[in-house]
Amino acid sequence: MAPVVLEADAGEPLSTGTTGPSRSAYRVSVTETIHQQHEGEPRSQEYRLARTSLRGLRQDLFHDPFAYRRLPPRHTDGPFVRRLPGRLRSDAQYLPHAVAGAIAFLAFVVGSVSGDLPGGDAPALLTGILCALPVLATLVRPIGAFWLSLAVTPLVALINGAGWDWPWMPGAFVCHLAVLVIVALRTRPRTAVWMWVLTFVYASLADAFFGGSYYYTNSGPMMVTSAFALLLVCLWHIRQTARKEVTAQQTVTAHERSRRTLLEERTTIARELHDVVAHHMSVVAIQAEAAPYRVENPPEELERAFATIRENAVAALTELRRVLGVVRAEDYEAPDAPQPTLADLDALLANVREAGLAVDKAVTGAVRELPPGVELSAYRIVQEALSNSLRHAPGATARVEVSYVLGGLGLRVVNTAVPPNTLVKASPGAGHGVTGMRERVSMLNGEMTAGPTDDGGYEVAVFLPVAAAQTEGEA
């Protein structure tokens, strides 16, 4: 904006208490305000309303008016159609097409018999065809049928030049009224309003400029009849919209009810798990702590075994309470304890060895810090694989291989076959452990294979990709 320069107005007298610069500033301010109103100020509410209405008119009736929109078959799941026999129920889906065809035939008959020579000459036959054509067009090109009906109306009046009705001959009257109703049913209320407005404009122009030689004008009956018919159609549209909204709301309500039931069921399961599992784990921990005192001079290995049992039971109780807390409430806050990483792998292997599984570890590649998600998932995968070895391969030995490669992290956990002379029976499994490992690997876009080995053991091989940018940034 150009800078404002205040000037004194020497041509006008100054009133008492008024200075020249202040009056000049006032005049410049008014000029700038008017200039801003013309350039950048938003338009009035009436202007925006009119612009929106014209945009709706262009979108509804002028944008690709002859687009192909075939009338689809109606649904046969209504309360009345469901009661019909099988053949009639199948044919009922084409009932709207049959009604439109019947109305087109009625317009053809009325148009043919309402001329100078009813049904007896070529103009009468042509009038009937012209009156029936827009009605049939509503089945495939509804908006185009409306414009075709407006174009047919003066043409029919021109063919029947000695008719008494203006501007709608009887056949054209039936045709245009039917087209308005059918198109309104197939579109929306706004389109119905615009069609009625354009019909009113046509009727007014026809009466004002071309209706002088006719004794009777039927513009009034057309506008009143079409207004009532379109009003009923708009009310039907509103009712259908309200029904859809109610159905959608009922669906949301049913979903919320199902979700609430699920949460209640989860709470019940959590309570039962806590009552059953926590009780038994507490008994295990107490008995493991008290067992050494029941034996006089127990061996040191026995004391360490019971101490390991108690530590594992206490750790299991802690994990159980944390998981059950998540299940019990959605707003449960997880503890701030650090999650395990590959640096804690030695402690895990020591715990597994104390439980009776001979396991070795081999690390290849340059050890580096990986993203927390990869570290945690790798630890949990090794933990689950070793737990499976303990349960399903008692007496076997295991090996854990960790490979730090350029593109990520490789893991391999393999156990040997169960010795034939072992006295411990393998525990049956449901496959949830392998499924959980696959979910973790899939979450990180990795790859995993799990299956028996040639010597009767079992192998789990995993590759977790790590982007090079993350690796370099963390290094």
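Source: prediction; values computed, not measured.

Draft legend 1. Looking closely at the overall build of the protein. The secondary structure content of the protein amounts to 14 helices and seven strands. In the protein, 70% of the contacts between residues at least 6 apart in sequence involve partners at least 24 apart. Here the protein has roughly 29,900 Å² of accessible surface; of this, 61% comes from carbon and sulfur atoms.

Draft legend 2. Quick look at unusual backbone geometry. Positive phi, close to 50 degrees, is recorded for Asp64, a residue that is not glycine. In this structure, Asp64 sits in the loop between helix H2 (45–62) and helix H3 (86–91). Of note, Asn445 is a non-glycine position whose phi angle comes to about 60 degrees, a positive value. Within the element layout of this structure, Asn445 appears in the loop between helix H13 (432–443) and strand E6 (447–452).

Draft legend 3. Seen up close, the side chain of Thr127. Tracing the chain through its elements places Thr127 in helix H5 (residues 122–137). On the accessibility criterion, Thr127 (1% relative accessible area) is buried. Non-local contacts of Thr127, meaning those with residues more than four positions away in its chain, are made with Gly111, Val156, Ile159 and Asn160.

Draft legend 4. Molecular detail of the pattern of salt bridges. Under the defined criterion, the tally for this structure stands at eight salt bridges. With a closest N to O distance of 2.7 Å, Asp60 and Arg190 form a salt bridge. Here the residue Asp60 occupies a position in helix H2, and Arg190 occupies one in helix H8 (residues 189–209), the gap between them amounting to 130 residues. Note on Arg190: relative accessible area 33%, which makes it partly exposed. By sharing partners, the salt bridges in this structure join Arg399, Glu401, Arg412 and Glu459 into a single network.

Draft legend 5. The nonpolar core, seen in detail. In this structure, Leu61, Val135, Phe146, Trp168, Val179 and Met195 are the most contacted members of the largest nonpolar core, which totals 44 residues. Put simply, the parts of the chain that give this core at least two residues each are H2, helix H4 (95–113), H5, helix H6 (142–159), helix H7 (170–186), H8 and helix H9 (219–290). With ten residues, the top contributor of residues to this core is H7. With near-sequence residues (within four places) excluded, Met195 lies in contact with Leu61, Phe146, Leu180, Val183 and Ala184. Counting residues in each nonpolar core, the second largest holds 31 residues, with Val352, Leu370, Met437 and Val462 among its members.

Draft legend 6. Looking closely at the sheet that holds strand E3 (residues 358–364). Taking strand neighbours across the sheet as the criterion, the five strands line up as E3-E4-E5-E7-E6 in an open arrangement whose pairing is mixed. Of all the strands in the sheet, just E3 and E6 have a single pairing partner and so form its edges. Between one strand axis and the next, the sheet turns by 10 degrees as a mean value, whatever way the strands run. The pairing of E6 with strand E7 (residues 458–465) spans six bridges and is antiparallel. What sits directly across from Ala450, in E7, is Val460. In the packing of helix H12 (residues 372–392) onto the sheet, the strands contacted are E3, strand E4 (397–405), strand E5 (408–415) and E7, and the crossing angle to E5 comes to about 5 degrees.

Draft legend 7. Structural context of the environment of Met443. As for its position among the elements, Met443 is in helix H13. Residues Met443 and Ser377, 66 residues apart in the sequence, show an inter-C-alpha distance of 9.5 Å.

Draft legend 8. Region of interest: the packing of H7 against H8. Running from N to C, H7 and H8 cross one another at 160 degrees; their axes reach a closest spacing of 9 Å. Viewed along their axes, H7 and H8 adopt a mutual orientation that is roughly antiparallel. In terms of crossing hand, the pair formed by H7 and H8 is right-handed. Residues His176, Leu180, Val183 and Ala184 of H7 touch H8, and the partners they reach there are Ala192, Met195 and Thr199. By residue class, the composition of the contact of H7 with H8 is five nonpolar, two polar and no charged.

Draft legend 9. Representation of the confidence of the model for the protein. Put simply, the protein has an average pLDDT of 79, and 76% of its residues get 70 or more. Ignoring residues within four places in sequence, the model shows residues 33–41, a span with pLDDT below 50, making two contacts including any to other chains.

Scoring rules and cut-offs
Residues numbered from 1 in each chain as written. Predicted model: local features only at pLDDT ≥ 70, side-chain atom pairs only at ≥ 80, totals over all residues. Heavy atoms only, no water. Helix = DSSP H or I, 4+ residues; strand = E, 2+ residues; numbered from the N terminus. Contact = heavy atoms within 4.5 Å. Areas by Shrake-Rupley, 256 points an atom, 1.4 Å probe, with all protein chains shown as cover. Buried < 20%, exposed > 50% of the residue type's maximum accessible area, 1.4 Å probe, protein only. Salt bridge = Lys/Arg side-chain N within 4 Å of Asp/Glu carboxyl O. Core = buried A, V, L, I, M, F, W, Y, C linked by side-chain atoms within 4.5 Å. Pairing = 2+ DSSP bridges. Axes fitted to C-alpha atoms, helices over the stretch in contact; angles between N-to-C directions. Parallel < 35°, antiparallel > 145°, perpendicular 65-115°, else oblique. Left-handed = near helix turned anticlockwise from the far one by under 90°. Nonpolar A, V, L, I, M, F, W, Y, C, P; charged D, E, K, R; others polar. pLDDT = per-residue confidence, 0-100.

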